[in-house]
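Now for the letters of each chain:
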Amino acid sequence: MDYVTAAVPHPRSEGEGPARAGRRSLAVALLSGALGAAVALLATRQRWSMGTATVAGDAFPLSAKGSDVTGVPAALAIVGLAALVAVFAVRRTGRFAVSALLALSGAGIVAAALLGATDSSALDDKAAQASGDTSSVVHAFDHTAWPYVAAVGGGLILLAGLLALFYGRRWPAMSGRYERNGAPKARKAPVVDPDRPEDIWKALDRGEDPTGA
């Protein structure tokens, strides 16, 4: 007689898949979020665009850094970094809201960086200052690759936010040992049995009144 044996999954192996996915997503989110913020901040300090202005009949070279073009990527990079840390300080609805803020910060950086690549307003302002004519505009406008580097940084922050939205419920949170005011939670006093002399002596050692008076 042939016997049919069914493979019974080990209880431990059933939970290893979600746990492993949670650990991997956590590691990727932390790495991409921190790296994205650093890349975005670094890119805003570099030269984004260049051009020339006419000053006294001669061509005068001008250039603008990312922070001159727009301050949005740097501001959102800081917001995203703060949101990445705050994800572990909240739970449930709060974690979902912070994760959404993290993702929106990354998306905002991408949009602002791509728009900044073709924005000549910062150079126009410098051309007006250099020539003394408020109607002067920059000529031979061109841009570098740094706006796109900032967009990549925003994309990494966006990835961290999406991972937090989909897998954040599996991530650990900060210990709840302490209350909001920073004080440790008070421990309940052990019950003293008046019929047990050892309990009475322990209560006296703790400075408690075993009689409850």
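Structure: see above.
About the criteria used
- Residues numbered from 1 in each chain as written.
- Predicted model: local features only at pLDDT ≥ 70, side-chain atom pairs only at ≥ 80, totals over all residues.
- Heavy atoms only, no water.
- Phe/Tyr/Trp six-rings, centres within 6.5 Å; stacked < 30°, edge-to-face > 60°.
- Helix = DSSP H or I, 4+ residues; strand = E, 2+ residues; numbered from the N terminus.
- Buried < 20%, exposed > 50% of the residue type's maximum accessible area, 1.4 Å probe, protein only.
- Expected span 1.5 Å × (residues − 1).
- Patch = residues over 30% accessible without salt bridge, like charges linked within 9 Å, V, L, I, M, F, W, Y side chains within 5 Å.
- Areas by Shrake-Rupley, 256 points an atom, 1.4 Å probe, with all protein chains shown as cover.
- Salt bridge = Lys/Arg side-chain N within 4 Å of Asp/Glu carboxyl O.
- Axes fitted to C-alpha atoms, helices over the stretch in contact; angles between N-to-C directions.
- Parallel < 35°, antiparallel > 145°, perpendicular 65-115°, else oblique.
- Left-handed = near helix turned anticlockwise from the far one by under 90°.
- Nonpolar A, V, L, I, M, F, W, Y, C, P; charged D, E, K, R; others polar.
- Pairing = 2+ DSSP bridges.

**A closer look at the packing of aromatic side chains**
Then step 1. Overall, the coordinates contain 1 aromatic pair when judged by the stated rule.
Then step 2. Plain terms: the ring middles of F88 and W171 are 6.0 Å apart, the flat faces sit at 20° to each other, and that makes the pair stacked. Placement of F88 in the loop between α3 (72-86) and α4 (92-116) and of W171 in the loop between α6 (146-167) and α7 (197-205) is noted, with a sequence separation of 83 residues between them.
Then step 3. With a relative accessible area of 5%, W171 lands in the buried category.

**Let's talk about α4**
Then step 1. Here α4 is 25 residues long and its end C-alpha atoms lie 36 Å apart, about the 36 Å a rise of 1.5 Å per residue gives.
Then step 2. Listed as buried for α4 are R95, V98, S99, L102, A103, S105, G106, I109, A112, A113 and G116.

**Here's the deal with a nonpolar patch on the surface**
Then step 1. Taken together, the side chains of L162, F166 and Y167 define a hydrophobic patch exposed on the protein surface, amounting to about 290 Å² of accessible area.
Then step 2. You can call L162 partly exposed: its relative accessible area is 37%.

**Brief notes about the packing of α4 against α6**
Then step 1. Closest axis-to-axis distance for the α4/α6 pair is 7 Å, and the angle between their directions is 160°. Here α4 is positioned roughly antiparallel relative to α6, judged by the angle of their axes. Between α4 and α6 lies a crossing of left-handed hand.
Then step 2. Taken together, the residues that form the contact of α4 with α6 break down as 19 nonpolar, 5 polar and no charged.

**Points about the pairing of strand β1 (residues 47-55)**
Then step 1. Where β1 and strand β2 (residues 58-65) come together, 8 bridges link them in antiparallel fashion. Counterpart to V55 in the pairing with β2 is D58.
Then step 2. Between β1 and the antiparallel strand that follows it, β2, lie 2 residues; A56 among them carries a positive phi value of about 55°.
Then step 3. Relative to strand β3 (residues 139-143), β1 runs antiparallel, the two sharing 3 bridges.

**Details of the sheet that holds β2**
Then step 1. Judged by pairing direction, the sheet is antiparallel, and its 3 strands sit side by side in the order β2-β1-β3 without closing on themselves. Among the strands making up the open sheet, the edge pair consists of β2 and β3. In this sheet, neighbouring strand axes are inclined to one another by 15° on average, regardless of whether the strands run parallel or antiparallel.

Don't take any of this as a statement about function, it's just geometry.
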